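Coordinates in review
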Amino acid sequence: MNHNYQKDISGCGLTGLISRKRRRISGSEIVKSLCLMTDRGNGLGAGYAAYGIYPEFKDFYAFHIMYDEPSVKRSVEEYLKANYHIEKIEEIPTRAVKAIPISPMLVRYFVSPLKEKLSGDQQETDFVVNTVMKVNSEIDGAYIFSSGKNMGAFKGVGNPSEIAEFFRIDEYEGYIWTAHTRFPTNTPGWWGGAHPFTLLDWSIVHNGEISSYGINKRYLEMYGYKLTLLTDTEVAAYLLDLLIRRHGLSIPVACLALASPFWKNIDQRDAGEKEVLTALRQTYGSALLNGPFSILFGHSNGLVGINDRIKLRPLVAAVKDDVTYMASEESAIRAICPQPEKVWAPRAGEPVIVNLED
Amino acid sequence: MFKSLAPPEYLATIDREKCIRCKRCIQNCGWGVYSWGGDKILIDTFKCVKCLRCYHYCPEEAIEIKDNPTKFKQNAYWSFNNIRNIKKQAETGGIPLTGMGSDMPYPILFDNLLIDACQVTNPSIDPVREPMELRTYLGKKPSNIKVEKTKDGKLKLSEPMPPQIKLDLPIIFSPMSYGSISLNAQKVLATAAKASGIVMNTGEGGLHEDLFPYKGNIIVQVASGRFGVNPEYLNAGVAVEIKIGQGAKPGIGGHLPGEKIPLEVARTRMIPVGTDAISPAPQHDIYSIEDLRQLIYAIKETTNYKPVSVKIAAVHNVAAIASGVVRAGADIVYIDGFRGGTGAAPSIIRDHLGIPIEHALAAVDDRLRQEGIRNEASIIAAGGIRSSADVAKAIALGADAVGIGTAALITMGCTTCGKCYTGNCSWGITTQRPELTARLDPEVYAERLTNLIRAWSHELKEILGALGINSIESLRGNRERLRGVGLDSFTLDILGVKPAGR
Ligand code: SF4
Ligand code: SF4
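Residues numbered from 1 in each chain as written. Chains lettered and ligands numbered in written order. Predicted model: local features only at pLDDT ≥ 70, side-chain atom pairs only at ≥ 80, totals over all residues. Heavy atoms only, no water.

Considering the sheet that holds strand 4 (residues 61-67) of chain A
Sheets are built from strands that pair by backbone hydrogen bonding, the pairs being arranged parallel or antiparallel. All names here are of chain A. In space, the four strands of this open sheet follow the order 5-6-4-7, with antiparallel pairing throughout. What marks the edges here is a single partner per strand, and that holds for strand 5 (84-91) and strand 7 (142-146). This sheet shows a mean twist of 30° between the axes of neighbouring strands, independent of strand direction. Sheet topology places strand 4 next to strand 7; four bridges connect them, and they run antiparallel. Note that in strand 7 the partner of H64 across the bridge is S146. Contacting strand 4, strand 5, strand 6 (105-113) and strand 7, helix 3 (residues 124-138) crosses the sheet at an angle of about 140° to strand 7. (Pairing = 2+ DSSP bridges. Helix = DSSP H or I, 4+ residues; strand = E, 2+ residues; numbered from the N terminus. Axes fitted to C-alpha atoms, helices over the stretch in contact; angles between N-to-C directions. Contact = heavy atoms within 4.5 Å.)

And the structure:
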């Protein structure tokens, strides 16, 4: 367990939307929303995540990988070939953007694990997570920044409009979008450090600083997670993975662990609920995300927005027709939805959970 | 009889002009320093231990207790204590005893650790305006829980949690037995524990019936002497502790001389009056980790599965030992550092065996995490906790709670004179002499101890607020919020803490 790391700190703006009816919405909408919040970023990182963008490959894990140089690409591809069926390899399409003179090599792979490589009763998802952990922590110069099905993350160093232009975000259509602009306060410059942060089909954008980072990190390490990015966002993503995918908690219950109610409120609940909430805090105290944050996390069935326990970071939500919007600022929502039916500021620690209809 | 060549450490002096011959000093000194000479107070300064009782109770401020300026010739290698102990041993052939924790100038790691605070990028939180949570639960936690939904949409726990001890803040009172301390001192601990929402620990001396009303705030201890142990005793408190070792005297047992065993102590310990109460060095039914496991489960069977704590001294291999203890089924591991207090220990043992709690705690927390069993047991760190800052630092290093003993005694008047083993404590704490114990009013001193705990809880909340977190569990094991100053890289590595500036 290495303790001698330098943690990454940044402020930021975020926005997201979801069509409950799985209507695929153009990426240009979310770009417009994000670009409004110029003073929440400083041009040192932006990114987008979208769900429903690869319908023709929806049964394959879409690995988006960035490489610093071709030799690394060769060794990663060797590893992938040995362990996965690879349906398709292609460069992630980009446009030349003046402000982005250099970028890593960006390649995407549609893959599925080879059955014979799964040990015993190992889940496919565990196998994929292991691959992501292995490549990201062990192979210098290679980084898997997206690994879910029918979804993808696109991110890099630049401001929101430049990154959108570069990755041709306007050409994708998805039923869930999240986006993020970043204000890093220490050494920037690594593409992998931008948001969204993803693992399998979880994607996270996050604004804030998690003051409990140190224990969240050590807690996750006990369960085999390797924290390579040293960002708060990474911690949030892995905690969701642990609580929801591995421990089988429902999303609302997981939210109760990550931003748990105060004891004084728990003590007032009826006996059964009090027992659950007490047990959650006793068991998952080290998973409590403490400090200012607002988070949007997307997954294959929906979008969730959540604030810290005393709401030290902004989060606004709005609804119009089949679409729910959530963003750091109301103006970012109104930029693409001038007349929402309902606008509200979710209360501290109370998640906004929106699920896709079947 | 020849006069001792070990010079007195202190000079008790009386300003004869101020002295009104009220004789209060004679009455107050437990060590018999003063006596009445017919027209003035006589002083036998060889007996003075600088407990300062006489100083506080002299109505005329006539008393001064000075460090003896006549020392052996200054010598950076042969300290005063070295020479003095040799002289004493030459005279007696015995083992010099001592009380309290070691006062030797070993490095104090707590004083080389600094706590973080928020600026700009994360806001600090005002504990006066916002809730600040210190509540702590001790006991085994599952790695995950299962939650169901009932028919009416409410959440329900699928399997019950293992039993937990609820603390309003992460502090407990360390074990101090009736016998080593007075019943009144134990009453102070019990009353303050109840008022503060925490627990005290009986130590190895049984449970006196006067403490029965405080059962909800008591951990009962089982140690090598098995004093006062029967099924009723085991079931009396909220948990049972098996004492393997003590930080001040790791690897050695205890010896309460017959003079400290009057009727009440004897009854509570279930031994004859006036016999020496000997706690052997090991527990003679625990010669291995398997034996410990048997005792843990025997106690669990007897108590319908109350939490079992195992107290060990911080020794070199503490991480592996703690891991074994957890695997043997302990719900709590209590680690006692070498600075931990004692009622009586050979000075040579107290001052030279064991390791500091800071190293031990960090190593144990790391090891339990590496082995994936940190949730299986809570860690209590003890042995030299002096302030709420030490509490915060210990929690950040990985403790669930800390144990305080000496700090609690100081609220009762103790001045850490270190002469507890004599049974003469002028403050009525570590004595069974009725004229001395009577002066420790449980009600008065319970209020002082409760004040201390309240003060520390306020300070802890201020620290959490400055850290920008509103719950103690976000500090627990959060070494990212500690920095080391003036520590070498090995030590930093063991503590898992970065140097200041990183
Ligand atoms: S009361 Fe304490 S300080 Fe005073 S003379 Fe006696 S031992 Fe010394
Ligand atoms: S308890 Fe009494 S004898 Fe022991 S150190 Fe404190 S004042 Fe001295």
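After presenting the structure, the write-up continues.
Notes on the sheet that holds strand 20 (residues 378-382) of chain B
Residues and elements named next belong to chain B. Overall, parallel pairing links the eight strands, which are arranged 11-21-20-18-17-14-13-12 in an open sheet. Looking at the sheet topology across the chains shown, the edges are occupied by strand 11 (171-173) and strand 12 (200-201). Where strand 13 (residues 218-222) lies against strand 14 (residues 239-243), four bridges are found, and the strand directions are parallel. Across the sheet, I219 pairs through a bridge with A239, a residue of strand 14. The sheet strands contacting helix 8 (residues 318-327) are strand 17 (308-313) and strand 18 (332-336), and the helix crosses strand 17 at an angle near 165°.

Digging into helix 9 (residues 271-284) of chain A
Residues and elements named next belong to chain A. If you check helix 9, its first and last C-alpha atoms are 20 Å apart, about what 14 residues at 1.5 Å a residue would give, namely 20 Å. With respect to burial, helix 9 is a largely interior element, 10 of its 14 residues being buried. Among all positions in helix 9, only E273, V276, L277, T278, A279, L280, R281, Q282, T283 and Y284 are buried. (Expected span 1.5 Å × (residues − 1). Buried < 20%, exposed > 50% of the residue type's maximum accessible area, 1.4 Å probe, protein only.)

Thoughts on the packing of helix 6 (residues 232-246) of chain A against helix 7 (residues 251-258) of chain A
Residues and elements named next belong to chain A. Orientation of helix 6 relative to helix 7, taken along the N-to-C sense of each, is 130°, at an axis distance of 10 Å. With respect to helix 7, the element helix 6 is oriented oblique. Where helix 6 crosses over helix 7, the two elements pack in a sense that is right-handed. Along its contact with helix 6, which presents L239, L240, L243 and I244, the element helix 7 presents I251, A254, A257 and L258. When grouped by side-chain class, the residues that make up the contact of helix 6 with helix 7 number eight nonpolar, no polar and no charged. (Parallel < 35°, antiparallel > 145°, perpendicular 65-115°, else oblique. Left-handed = near helix turned anticlockwise from the far one by under 90°. Nonpolar A, V, L, I, M, F, W, Y, C, P; charged D, E, K, R; others polar.)

Looking at the site of ligand 1
For ligand 1, the full set of nearby residues is C29(B), W31(B), V33(B), Y34(B), C48(B), V49(B), K50(B), C51(B), L52(B), R53(B), C54(B) and I65(B). Taken together, the residues of the shell around ligand 1 break down into 10 nonpolar, no polar and two charged. (Near = heavy atom within 4 Å.)

Observations concerning the interface of chain B and chain A
Each partner contributes residues to the interface: chain B has 51 residues there, and chain A has 47 residues. Each partner contributes to the roughly 4200 Å² buried at the junction of chain B and chain A, and carbon and sulfur atoms together form 55% of this total. At the junction of chain B with chain A, the criterion picks out seven salt bridges. Close ionic contact of R218(A) with D366(B) constitutes a salt bridge, the shortest N to O distance being 2.9 Å. At the surface where chain B touches chain A, the tally comes to 18 residue pairs in polar contact (both at pLDDT 80 or more). (Buried area = accessible area lost by both parts, 1.4 Å probe. Salt bridge = Lys/Arg side-chain N within 4 Å of Asp/Glu carboxyl O. Polar contact = N/O pair within 3.5 Å; in protein donor to acceptor, adjacent residues only side chain to side chain.)

Examining the pattern of salt bridges
Tallying each qualifying case throughout the model produces 52 salt bridges over all chains. The salt bridge partner of K217(A) is E221(A), with a shortest N-O separation of 2.8 Å. Highlighted residues: K217(A) and E221(A), both in helix 5 (residues 213-222), separated by four residues, approximately one helical turn. When sorted by exposure, K217(A) lands in the same class as E221(A), which is buried. Through salt bridges with shared partners, one network takes in R218(A), D365(B), D366(B), R369(B), R374(B), D400(B), R476(B) and R479(B).

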